[in-house]
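Summary of the model geometry
The lines below spell out each chain.
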Amino acid sequence: MIEFDFSRRVGDFQLQVQAVLPAVGVTAVFGRSGAGKSTLVDAVAGAVRPDAGRIVVGGETFFDADLGVDLPPQRRAIGYVFQDARLFPHLNVRANLFYGHKRALRQGRDQGIAGDHVIALLGLESLLARRPGQLSGGERQRVGIGRALLAQPRLLLMDEPLASLDAARKAEILPYIERLREEIALPVLYISHAIDEVVRLADHMVLLEGGKVLRYGALGMLMADPELGQWIGRSETGAVLACTVLRHEEALGMTVLGFADGELRLPRLPFPERHPPGARLRLRIRARDVALALEQPQGLSISNQLAGVVADMAAVDAGHVDVGVVLPSGAVMRALVMRDSVNRLGLEIGRPVWALVKAAAIAG
C-alpha cells in the first residue's frame, strides 16, 4: 500500500493530503495547475519535507514527524521521470539508461527489471549509440523512463512526462507507457492535468484541488460519478471501458474493439501496429456523447448501440440530467440529456433503454 497523511505549507499555500492507495498499477494524481500535485510527489520522493504527518510505501515508513523518521531520497529507491528527460548530453543512450543501475544493484535493490526487457519494451534498440541531442522529444522521454526503471525502483513517479510534447509525440509515447503498465509490476504515481492521459493510463486516481484531496479511488468509479464534473468539467465525465482490440479494418479506416457487452467501432487507432489484435486498452465515452432511445433504432448511422437499464438520474442544472445506464455486465454508461428529453421519454429508474454512441465521439 501507499499511504500518506501529511501537511506542508509553502508561503500562502497549504497542502493537506490524506489517502491510502494500492501498491499496484498506475495511480494518477490529477488536478489543475497549482493544486499541489508536484509538492505531493516531491514529499513522497523526499525532495521536500512535510511539516507534519507520515508517508508509508510498501510497509516502510519514509517519513513520520512524530517518530522523527525522514529517509533521505537515495534510501527511498524511487524512480523519477520529469517533464524534460534530463539526460546527460555527453553520454549516449545506453550509458544514460544504465546510469545508476550498478549502484542500485550494489545497494541490494534488484526488482528483476532487466535491461534488455526495458530496451525492448520502450523500443530503444536502434537508439542506443545516439546522444540525446540526436533524439526527438518523445525518444528522449522514453530514454528517461528507461533510466528510471533500470535504477530498480520500488515506486515510479512520473511528473507530467508528456507536458512538453506536441500531440504527435504524445500519441507516439502513450502506447509505450501502456505497455509499461501491463508488463512491469511496479506501482506508479502519474501526475497530470490532462484527463485524456489519466483515463488512458491510470487504474486509480487522486483528485487534488486547492491543496486537498477531494476524491480518490478506482478510476472507472470516479469518472462515472456525475459530481466529478464540477472539478474536471461537466463535459468530461462518463464511462471508462476496458476493451480488447479485435481488428483494424484498413479499407474502412476503422478499429473494432471487444468488451464485456459486445463490440464498439471507432476511427482507426493511430499507430495500429502498437495495438495489434488482442491488445488491451481503455476507452472513455463521455456522457455528452451518449444519446438514449426507448427502442433499438433502425436505419441509423450510429452503429454503437448498447442495451441497458436506467440505474440512476441526477440533475446537473436547470436544463440537464445525468442518466446512468447499467449494461448487462454491470458496467455503467452515462448520458447527459435535456430535462425535456427525460420527460418526453418517460425516463425513470428501472426503464430499459438503448445507449447510442457515435464512433467519432469515442476517445481512445
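Keep in mind it's a predicted model, so treat the numbers as computed, not measured.

The next subject is the sheet that holds strand E20 (residues 352-357). Read from one edge of the open sheet, five strands run E16-E20-E17-E18-E19, paired in antiparallel fashion. Looking at which strands have only one partner, the edges of the open sheet turn out to be strand E16 (290-293) and strand E19 (332-338). Strand-to-strand twist in this sheet, taken as the mean axis angle between neighbours without regard to direction, amounts to 45 degrees. Sheet topology places E16 next to E20; four bridges connect them, and they run antiparallel. Residue pairing in the sheet places alanine 293 in a bridge with tryptophan 354 of E20.

Within the largest apolar cluster, 49 residues are counted, with the highest numbers of intra-cluster contacts made by Ile145, Leu149, Leu156 and Met223. The contacts of leucine 156, once residues within four sequence positions are left out, are Gly79, Tyr80, Val81, Ala148, Leu149, Leu180, Leu186, Pro187, Val188 and Leu189. Core analysis: the second largest hydrophobic core is formed by 30 residues, Leu257, Leu266, Val353 and Ile362 among them.

Here the focus is helix H7 (residues 167-183). Relative to the 24 Å expected for 17 residues at 1.5 Å per residue, H7 spans 25 Å between its end C-alpha atoms, a close match to the ideal helical length. Along H7, the helix axis deviates most sharply at isoleucine 173, where the bend reaches about 25 degrees; the proline proline 175 sits within four residues downstream.

Looking now at the confidence of the model for the protein chain. Looking at the protein chain, the pLDDT average stands at 87 and 95% of residues meet or exceed 70. Averaged pLDDT values over the elements of the protein chain bottom out at 66 in helix H4 (residues 101-106) and peak at 95 in E20.

The next thing to look at is the sheet that holds strand E14 (residues 262-267). An order of E14-E13-E12-E15 is seen for the four strands of this open sheet, with the pairing classed as antiparallel. At either margin of the open sheet sits one strand with a lone partner, and together these are E14 and strand E15 (280-286). Taken pair by pair, the neighbouring strands of this sheet meet at an average axis angle of 45 degrees, ignoring direction.

The next point concerns the side chain of histidine 275. Here histidine 275 lies in the loop between E14 and E15. Classification of histidine 275 as buried rests on a relative accessible area of 4%. Here glutamate 178 takes part through its side chain, which lies 3.2 Å from a polar atom of the side chain of histidine 275. Beyond its immediate sequence surroundings of up to four residues, histidine 275 is in contact with Pro175, Glu178, Arg200, Val245, His248, Leu269, Pro270 and Leu281.

Positive phi values are uncommon outside glycine, yet glutamine 152 reaches one of about 55 degrees. Residue position: glutamine 152 is located in the loop between helix H6 (137-150) and strand E8 (155-159). The phi angle at glutamate 160 is positive, at roughly 45 degrees, despite the residue not being glycine. Here glutamate 160 lies in the loop between E8 and H7.

On to the packing of aromatic side chains, then. This structure, assessed with the given rule, holds three aromatic pairs. A ring pair is formed by phenylalanine 4 and phenylalanine 6, whose centres lie 6.2 Å apart and whose planes are at 65 degrees; its orientation type is edge-to-face. A residue is classified by how much of its surface remains accessible, and phenylalanine 4, at 2% relative accessible area, is buried. With relative accessibility at 1%, the residue phenylalanine 6 sits in the buried group. Taken together, a centroid distance of 4.6 Å and an interplanar angle of 5 degrees make the contact between tyrosine 80 and phenylalanine 82 stacked. Between arginine 86 and the ring centre of phenylalanine 82, over which it is positioned, the NZ or CZ distance is 3.9 Å. The residue whose ring lies beneath arginine 142 is tyrosine 176, and the NZ or CZ to ring-centre distance is 4.4 Å.

What counts and how
- Residues numbered from 1 in each chain as written.
- Predicted model: local features only at pLDDT ≥ 70, side-chain atom pairs only at ≥ 80, totals over all residues.
- Heavy atoms only, no water.
- Pairing = 2+ DSSP bridges.
- Helix = DSSP H or I, 4+ residues; strand = E, 2+ residues; numbered from the N terminus.
- Axes fitted to C-alpha atoms, helices over the stretch in contact; angles between N-to-C directions.
- Core = buried A, V, L, I, M, F, W, Y, C linked by side-chain atoms within 4.5 Å.
- Buried < 20%, exposed > 50% of the residue type's maximum accessible area, 1.4 Å probe, protein only.
- Contact = heavy atoms within 4.5 Å.
- Expected span 1.5 Å × (residues − 1).
- Bend = angle between axes of the 7 residues up to and from the residue.
- pLDDT = per-residue confidence, 0-100.
- Polar contact = N/O pair within 3.5 Å; in protein donor to acceptor, adjacent residues only side chain to side chain.
- Phe/Tyr/Trp six-rings, centres within 6.5 Å; stacked < 30°, edge-to-face > 60°.
- Lys NZ or Arg CZ within 6 Å of the ring centre and 35° of its normal.

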